[in-house]
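# Notes for the structure review
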Protein chains: 2
Amino acid sequence: MNVTFYVRREEQAELLHVEGVCRINQDGSEGVFYANATTKIEDTSLEALWIAAVKYAGLRELLSDMKKVHETHPVLFVQNGIGHIELVHGTTLLDIAFATVEHGAQRIDDRTVKHNGVGMITIAAARGDGRLFERIGQANSKSFPITFHSDSEQILMRKVLINCMINPLTAILGIKNGDLLTDEYCLLLFNCLYDELTAAFPEIRSSLPYEAVEDVCRRTACNQSSMLADRLAGRPMEIETIVSAIIRKANGREKSLPLLTTLETMLYALDGKGVGL
Amino acid sequence: MNVTFYVRREEQAELLHVEGVCRINQDGSEGVFYANATTKIEDTSLEALWIAAVKYAGLRELLSDMKKVHETHPVLFVQNGIGHIELVHGTTLLDIAFATVEHGAQRIDDRTVKHNGVGMITIAAARGDGRLFERIGQANSKSFPITFHSDSEQILMRKVLINCMINPLTAILGIKNGDLLTDEYCLLLFNCLYDELTAAFPEIRSSLPYEAVEDVCRRTACNQSSMLADRLAGRPMEIETIVSAIIRKANGREKSLPLLTTLETMLYALDGKGVGL
């Protein structure tokens, strides 16, 4: 497939265009993938399928950029959390899909990504002609598995609840995902979060049994969660779209999430301050 | 007054005996105070007033050492927390007093202490002849204020509740005491702890109004709490005698302390692991 990156900085567009995207594989080998790149949205294709891969915090600006040129292309949104659902539904885009991405991936620099583990990409159309997204399925392989789902809300909720159980605790305590299961005190907090969240969202129990969250921790045992990685790098953590959005959703059902609410406040206290004194 | 240090390590006894105690004052000046020091409890005086200044974790061993030689000397206990009250009352010591120490002090090495701020020493006799402790009052001065109180339980509870409000949050979040008041999210957690603790121990409200805890944070704004200092140095934190003992006391009154209990679990998860990954 012919790919164009629409990026903000000229410097990154130049780098991607000239040197290509570099992927560091799990075995240490590297692969380079050449692609187009531009900072001018007018230079992008009207027919292309878009994959909006900015963080939630950058999405509002991207949607407003898109609105200036054309809103007829199908767009797949791959943000963490659930804060973007409302934003995206508020647009006049014709064809929308959401996806959850379970690959372990870490941005190294403007053109390099480290692949830390194979995971599922699950895509669900949410508005318009869902068939427009089916061509992404052509990329499906054992090392890049792609599945389609009928309910975008359900796949995003499942993913964000997993994130709520893993990200805040690992970010606050400065631990790797696997420590949640192996340290007896972390496990206490982890179990308490599972009970609290499944009490507020009981419909998730069938698609997210306890064993499934345990399994995510085990498969990503040596990884830093995205929130911890953000904290260690002094970047803002995605608290709003992962944690606060879930607390609001629970409150809307007259359910409180006392532990998650405490973790939310701690995360905001830590946000953007790095680690240590 | 003629002072003898009873210490565990020969190396420290030697150092104290030869070079004396060095105190670094707040203005950067230093003062040296010569004293006796020994590792042999048999060499200590039968008549002396003892000040037991080990941490709670070391107290059981010290009490058992004392029991071997003589239990007739008056002993003043200056531990943090409340875990030691039961231990001390379980001895056959004749004359017992407890004190809270509000000086800011930081151990630099085996003979050097940094004085970070003047604070009150409050002494309350708990068993036997309280007059035996009055001679400590001779040391009272503006820069070393000493007061006497009638109720040891009350002064220890007041101090440990202040510690419960300051130590866990500062240790977990890696912040200085003053940040509890200046960061809006820290303040939310701090206020929640005050409400939770005074709901469980309403009798403390008169001796510990909210303004008094605020005042402690303000006076020690630039200090690391003892728990944070322990965490940063990789030493065990005094979770048991400060936090767990208060949770048990509240539970004994059929009161729960949900926020403090969450902090307790986090502290145990962090304990002895240093900071960062």
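Reading guide: rules and limits
Residues numbered from 1 in each chain as written. Chains lettered and ligands numbered in written order. Predicted model: local features only at pLDDT ≥ 70, side-chain atom pairs only at ≥ 80, totals over all residues. Heavy atoms only, no water. Helix = DSSP H or I, 4+ residues; strand = E, 2+ residues; numbered from the N terminus. Rg over C-alpha atoms; globule rule 2.2 N^0.38 Å. Buried < 20%, exposed > 50% of the residue type's maximum accessible area, 1.4 Å probe, protein only. Contact = heavy atoms within 4.5 Å. Pairing = 2+ DSSP bridges. Axes fitted to C-alpha atoms, helices over the stretch in contact; angles between N-to-C directions. Nonpolar A, V, L, I, M, F, W, Y, C, P; charged D, E, K, R; others polar. Left-handed = near helix turned anticlockwise from the far one by under 90°. Buried area = accessible area lost by both parts, 1.4 Å probe. Salt bridge = Lys/Arg side-chain N within 4 Å of Asp/Glu carboxyl O. Polar contact = N/O pair within 3.5 Å; in protein donor to acceptor, adjacent residues only side chain to side chain. pLDDT = per-residue confidence, 0-100. Least-squares fit on C-alpha atoms with pLDDT ≥ 70 in both. Core = buried A, V, L, I, M, F, W, Y, C linked by side-chain atoms within 4.5 Å. Phe/Tyr/Trp six-rings, centres within 6.5 Å; stacked < 30°, edge-to-face > 60°. Patch = residues over 30% accessible without salt bridge, like charges linked within 9 Å, V, L, I, M, F, W, Y side chains within 5 Å. Areas by Shrake-Rupley, 256 points an atom, 1.4 Å probe, with all protein chains shown as cover.

In this section: the overall build of chain A. Of the regular secondary structure elements, chain A holds 10 helices and 11 strands. Expected size for 277 residues packed as a compact globule is a radius of gyration near 19 Å; at 19 Å, chain A falls within 12% of this value. Buried positions account for 50% of the 277 residues belonging to chain A. Taking the contacts inside chain A whose residues are at least 6 apart along the sequence as the reference set, 67% of them involve residues at least 24 apart.

With that settled, consider the sheet that holds strand E8 (residues 104-109) of chain B. All names here are of chain B. Sheet architecture is open: four strands sit in the order E3-E2-E9-E8, paired in mixed fashion. Where the open sheet ends on each side, the last strands, each with one partner, are strand E3 (30-33) and E8. Taken pair by pair, the neighbouring strands of this sheet meet at an average axis angle of 25°, ignoring direction. As paired strands, strand E2 (residues 21-24) and E3 are joined by four bridges and run antiparallel to one another. Its bridge partner lying in E3, Ile-24 is registered against Glu-30.

Let's shift gears to the packing of helix H6 (residues 184-200) of chain B against helix H10 (residues 258-270) of chain B. All names here are of chain B. For the pair H6 and H10, interaxial distance at closest approach is 8 Å and the crossing angle is 120°. Note on element contacts: H10 touches H6 through Pro-258, Leu-259, Leu-260 and Leu-263, opposite Leu-189, Cys-192, Leu-193, Glu-196 and Leu-197. Its residues assigned to classes, the contact of H6 with H10 shows eight nonpolar, no polar and one charged.

Residues and elements named next belong to chain A. Closest axis-to-axis distance for the helix H4 (residues 152-173)/helix H7 (residues 210-219) pair is 11 Å, and the angle between their directions is 65°. Two packed elements cross with a definite hand, and for H4 against H7 that hand is right-handed. Each of Arg-158, Ile-162, Met-165 and Ile-166 in H4 lies in contact with H7, whose residues at this interface are Ala-212, Val-213, Val-216 and Cys-217. Residue composition of the contact of H4 with H7, grouped by class: seven nonpolar, no polar and one charged.

The interface is formed by 25 residues belonging to chain B together with 25 residues belonging to chain A. Here chain B packs against chain A, burying approximately 2000 Å² in sum over the two surfaces, 79% of which is carbon and sulfur. Applying the counting criterion to the chain B and chain A interface returns zero salt bridges. The tally of links between chain B and chain A comes to zero residue pairs in polar contact (both at pLDDT 80 or more). When residues of the side of chain B that touches chain A are assigned to their parent elements, the largest contribution, eight residues, is made by H10 of chain B. Among the residues forming the side of chain B that touches chain A, the class breakdown is 17 nonpolar, five polar and three charged.

Now for the pattern of salt bridges. Pairs can form between side chains of opposite charge whenever their charged atoms are close. All names here are of chain B. Applying the stated criterion across every chain, the model contains 26 salt bridges over all chains. Among the salt bridges present, the one from Arg-107 reaches Asp-110, with a minimum N-O distance of 2.5 Å. The exposed category is assigned to Arg-107, whose relative accessible area is 52%. Here Arg-218 and Glu-214 are joined by a salt bridge, their closest N and O atoms 3.5 Å apart.

What follows concerns the environment of Gly-128 of chain A. Structurally, Gly-128 of chain A is set in the loop between strand E10 (121-127) and strand E11 (146-148). Considered as a pair, Gly-128 of chain A and Asp-95 of chain A are 33 residues apart in the sequence and their alpha carbons are 4.4 Å apart.

Moving on to the confidence of the model for chain A. In this model, chain A carries an average pLDDT of 94, and 99% of its residues clear a pLDDT of 70 or more. ipTM for the predicted complex: 0.88, alongside a pTM of 0.90.

Here the focus is the relation of the copies chain B and chain A. What relates the pair of chain copies is a rotation about an axis plus a shift along that axis. Laying chain B over chain A is done by rotating through 180° and shifting 0.0 Å along the axis; what remains is an RMSD of 0.0 Å. These values place the two chain copies in the arrangement generated by a two-fold rotation axis. When the interface residues of chain B are mapped onto chain A, 100% of them again fall at the interface, so both copies present the same face.

The side chains of a regular strand alternate, residue by residue, between the two faces of the sheet. All names here are of chain B. Pairing of strand E7 (residues 96-101) with strand E10 (residues 121-127) involves six bridges; the strand directions are antiparallel. Bridge pairing links Thr-100 to Thr-122 in E10. Both E10 and strand E11 (residues 146-148) contribute to a ladder of three bridges, which runs parallel. Residue pairing in the sheet places Thr-122 in a bridge with Thr-147 of E11.

Turning to the nonpolar core, a few remarks are in order. With 134 residues, the main nonpolar core has Ile-246 of chain A together with Ile-246 of chain B as its most contacted residues. If we skip the residues at most four places from it in the chain, Ile-246 of chain A touches Ile-82, Met-157, Val-160, Leu-161, Cys-164, Leu-197, Phe-201, Leu-257 and Leu-260 of chain A.

A separate point is the packing of aromatic side chains. Residues and elements named next belong to chain A. According to the stated counting rule, one finds 10 aromatic pairs over all chains in the structure shown. Considering the side-chain rings of Tyr-194 and Tyr-210, the 5.3 Å spacing of their centres and the 80° angle between planes classify their relative orientation as edge-to-face. Residue Tyr-194 is located in helix H6 (residues 184-200), and its partner Tyr-210 is located in helix H7; the two are separated by 16 residues in the primary sequence. Both residues of the pair, Tyr-194 and Tyr-210, count as buried. Here the aromatic residues Phe-190, Tyr-194 and Tyr-210 are joined through ring pairs into a cluster of three or more.

Residue and element names in this part refer to chain A. Taken together, Met-1, Val-3, Phe-5 and Phe-33 make up a surface patch of nonpolar side chains, about 380 Å² in accessible area. With respect to the helices, strands and loops of the structure, Phe-5 is situated in strand E1 (residues 4-6). Among the residues examined, Phe-5 registers a relative accessible area of 30% and is labelled partly exposed.

All names here are of chain B. Strands sit in the order E5-E6-E7-E10-E11 across an open sheet of five strands; the sheet is mixed. In this open sheet, the two edge strands, each paired with only one partner strand, are strand E5 (50-52) and E11. For this sheet the average axis-to-axis angle between neighbouring strands, irrespective of direction, equals 30°. Both strand E6 (residues 75-77) and E7 contribute to a ladder of three bridges, which runs parallel. Directly across from Leu-76, in E7, lies its bridge partner Ala-97. Taken strand by strand, helix H2 (residues 56-69) contacts E5 and E6, and its axis lies near 155° from that of E5. Packing of helix H4 (residues 152-173) onto the sheet brings it into contact with E7 and E10, and relative to E7 it is tilted by some 25°.

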